[in-house]
Amino acid sequence: MNDVRFLDRKQAVPAIVGDPSDLLIVCGLAGASKDIAHLTNDGDNIFTMAGAMGGATAMGLGLALSRPDKRVLVVTGDGELLMNVGTLATVGIMKPANLSILCVDNGHYGETGYQESHTQRGVNLEVIAQGSAIPVTRTVTTEDQIAEAAQVLRNSNASSFVLLRVSTEPPPAVKRSMDASERKTAFRRALLGTR
Amino acid sequence: MTTEYGAAVPWQEDLFTLLRENDVNLFCYVPDGGHKTLINRSIEDPEVISVPLTTEEEGVAMCAGAHLGGKKAVLLMQSSGVGNCVNMFALIKGGQFPLVTLVTMRGEFGEMNPWQVPMGTAVQPVVEAMGMHCLRAESPEEVGPTVQAALNMAYKSNQGVAVLLTQKLIGAKAF
């Protein structure tokens, strides 16, 4: 099943995330940030990146540990996650119940010209997440698996990881702020009412 | 210095108290002898979330995430770990995130392991090249005021600050 990739992220990501308005979302660079910026109209409950590759899951973990009252969703790609795949082990030992991770795995580095990533060549990030002691994991390759995985991301009472296998169809075109300081300030003002 | 490397010393106890008085309640660390007391106290304190990392750069992003949630964090590492963080420091500078990292230094005063020297020598230029500040504590009396200064610069002025707990302070590990 490792090479089954026919879901289009433009439909699959919104379907699996559902209503994003009550989530705090941290997005890894490139495709994942575009997916979520498009879904939320670059909302103030999302922190998107265009650098700091490998940092999204750790940033989401720091946020989840700080705000146990909120559901935190990390949306990342296979390349971004592979750059610091050890962070799954840190999630696995902390296990915050309010942290969910969605890895949009297209098997390629889309931003740099669609070179194959390790997941296209047999590496299975769900198995790594399981081996990292993340309590709840899923792989989604077909449309009929989306609804159950969406419930896991939203309602699991333990840290969860969903690997969403998608085709190499590009993420939606979107204009988004790439000013990390502006994003931070907007996020904190919306969540905390402060800079 | 005759202090045994990594032994519990009063200034480390005081440092933990100072961090807690400043509402720091997320401690991220890669295990290190020089931070042993801080790490152990952070694990014992039920009000503190203590997170061992697989690599120091995770801690940079975690501290930024904690700030998004309105909480204060500290990142504990050894000088070699600074090299693991360089690109992630772009998040701190670019996002004007506060960051306080306490760095126990190796590769300087009295170092007996040649492997520690290159990164130890590079810490300050690397941190400053990434747009962050370096403050040095050379004696036990300097630790508290220096870390307080770092917390103020970070959380009042949105700066990234590395406090170098120097080898003169920590002692050189015998080889």
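About the thresholds
Residues numbered from 1 in each chain as written. Chains lettered and ligands numbered in written order. Predicted model: local features only at pLDDT ≥ 70, side-chain atom pairs only at ≥ 80, totals over all residues. Helix = DSSP H or I, 4+ residues; strand = E, 2+ residues; numbered from the N terminus. Rg over C-alpha atoms; globule rule 2.2 N^0.38 Å. Buried ≥ 20, exposed ≤ 12 C-beta atoms within 10 Å, placed from the backbone. Contact = placed C-beta atoms within 7 Å. Pairing = 2+ DSSP bridges. Axes fitted to C-alpha atoms, helices over the stretch in contact; angles between N-to-C directions. Expected span 1.5 Å × (residues − 1). Parallel < 35°, antiparallel > 145°, perpendicular 65-115°, else oblique. Nonpolar A, V, L, I, M, F, W, Y, C, P; charged D, E, K, R; others polar. Core = buried A, V, L, I, M, F, W, Y, C linked by C-beta atoms within 7 Å. Left-handed = near helix turned anticlockwise from the far one by under 90°.

Caption draft 1: Inspection of the overall build of chain A at higher detail. Helix and strand counts for chain A come out as eight helices and eight strands. Since a compact globule built from 195 residues should have a radius of gyration of about 16 Å, the 15 Å found for chain A is in line with a globular shape. By principal-axis analysis of the C-alpha atoms, chain A measures approximately 45 × 35 × 30 Å. Here chain A holds 195 residues, and 50% of them are scored as buried. Considering only contacts in chain A between residues 6 or more positions apart, those separated by 24 or more positions represent 73%.

Caption draft 2: Spotlight on the sheet that holds strand 1 (residues 24-29) of chain B. Residues and elements named next belong to chain B. An order of 2-1-3-4-6-5 is seen for the six strands of this open sheet, with the pairing classed as parallel. Of all strands in the sheet, those bounded by a partner on one side alone are strand 2 (49-52) and strand 5 (133-137). The average angle at which neighbouring strand axes cross in this sheet is 20°, direction not considered. Two strands pair when backbone bridges link them, and strand 5 and strand 6 (residues 160-165) are joined in this way by five bridges, in the parallel orientation. If you follow Leu135 over to strand 6, its bridge partner there is Val163. Set on the sheet, helix 3 (residues 56-68) makes contact with strand 1, strand 2, strand 3 (72-78) and strand 4 (99-104); between it and strand 3 the angle comes to about 170°. The sheet contacts of helix 6 (residues 117-129) involve strand 4, strand 5 and strand 6, and relative to strand 5 the element is tilted by about 145°.

Caption draft 3: Summary view of helix 3 of chain B. Residues and elements named next belong to chain B. For helix 3, spanning 13 residues, the distance from its first C-alpha to its last is 19 Å, which sits close to the expected 18 Å at 1.5 Å a residue. For helix 3, the tally of buried residues reaches 13 of 13 residues, placing the bulk of the element in the interior. The positive-phi residue at the C-terminal boundary of helix 3 is Gly70, with phi of around 90°.

Caption draft 4: Geometry of the sheet that holds strand 3 (residues 71-77) of chain A. Residues and elements named next belong to chain A. As summarised here, the arrangement of the six strands in space is 2-1-3-4-8-7, forming an open sheet in which the pairing is parallel. Strand pairing shows two members of the sheet lacking a second neighbour, strand 2 (46-47) and strand 7 (136-140), which therefore form its edges. Here strand 1 (residues 23-27) pairs with strand 2 via two bridges, running parallel. Paired with Ile25 across the two strands is Ile46, which belongs to strand 2.

Caption draft 5: Inspection of the packing of helix 1 (residues 9-17) of chain A against helix 7 (residues 146-155) of chain A at higher detail. Residue and element names in this part refer to chain A. The interhelical angle for the contact between helix 1 and helix 7, taken along N-to-C directions, is 50°, at an axis separation of 8 Å. As far as their axial angle goes, helix 7 and helix 1 are oblique. Between helix 1 and helix 7, the residues in contact are Ala12, Ala15 and Ile16 and Ile146, Ala149, Ala150 and Leu153, respectively. Residue composition of the contact of helix 1 with helix 7, grouped by class: seven nonpolar, no polar and no charged.

Caption draft 6: Broad picture of the environment of Ala186(A). Residue position: Ala186(A) is located in helix 8 (residues 180-192). Counting along the chain gives 34 residues from Ala186(A) to Val152(A), while the straight-line C-alpha distance between them is 28 Å.

Caption draft 7: Molecular detail of unusual backbone geometry. Residues other than glycine seldom take positive phi values, yet Tyr114(A) does so here, at roughly 60°. On the secondary structure map, Tyr114(A) appears in the loop between strand 5 (108-109) and strand 6 (115-116). Even without being a glycine, Gln96(B) presents a positive backbone phi close to 50°. Position of Gln96(B) among the secondary structure elements: in the loop between helix 5 (89-95) and strand 4.

Caption draft 8: The interface of chain A and chain B, seen in detail. Every contact between the two is made by 26 residues of chain A and, on the other side, 27 residues of chain B. The element best represented in the side of chain A that touches chain B is helix 3 (residues 56-66) of chain A, accounting for eight residues. Split by residue class, the side of chain A that touches chain B holds 13 nonpolar, ten polar and three charged.

Caption draft 9: Fine view of the nonpolar core. By size, the foremost hydrophobic cluster in this structure holds 110 residues, and its most contacted members are Leu102(A) and Val60(B). Those residues within four positions of Val60(B) in sequence are excluded, and the remaining contacts are Leu75(B), Cys85(B), Met88(B), Phe89(B), Leu91(B), Ile92(B) and Leu99(B).

Caption draft 10: Representation of the packing of helix 3 of chain A against helix 5 (residues 87-94) of chain A in the model. Residues and elements named next belong to chain A. The interhelical angle for the contact between helix 3 and helix 5, taken along N-to-C directions, is 20°, at an axis separation of 9 Å. Looking at the two axes, helix 3 sits roughly parallel to helix 5. The way helix 3 lies across helix 5 gives a crossing that is left-handed. Of the residues in helix 5, those touching helix 3 at Thr57, Ala58, Leu61 and Leu65 are Thr87, Leu88, Thr90, Val91 and Met94. Looking at the contact of helix 3 with helix 5 residue by residue, the class counts come to six nonpolar, three polar and no charged.

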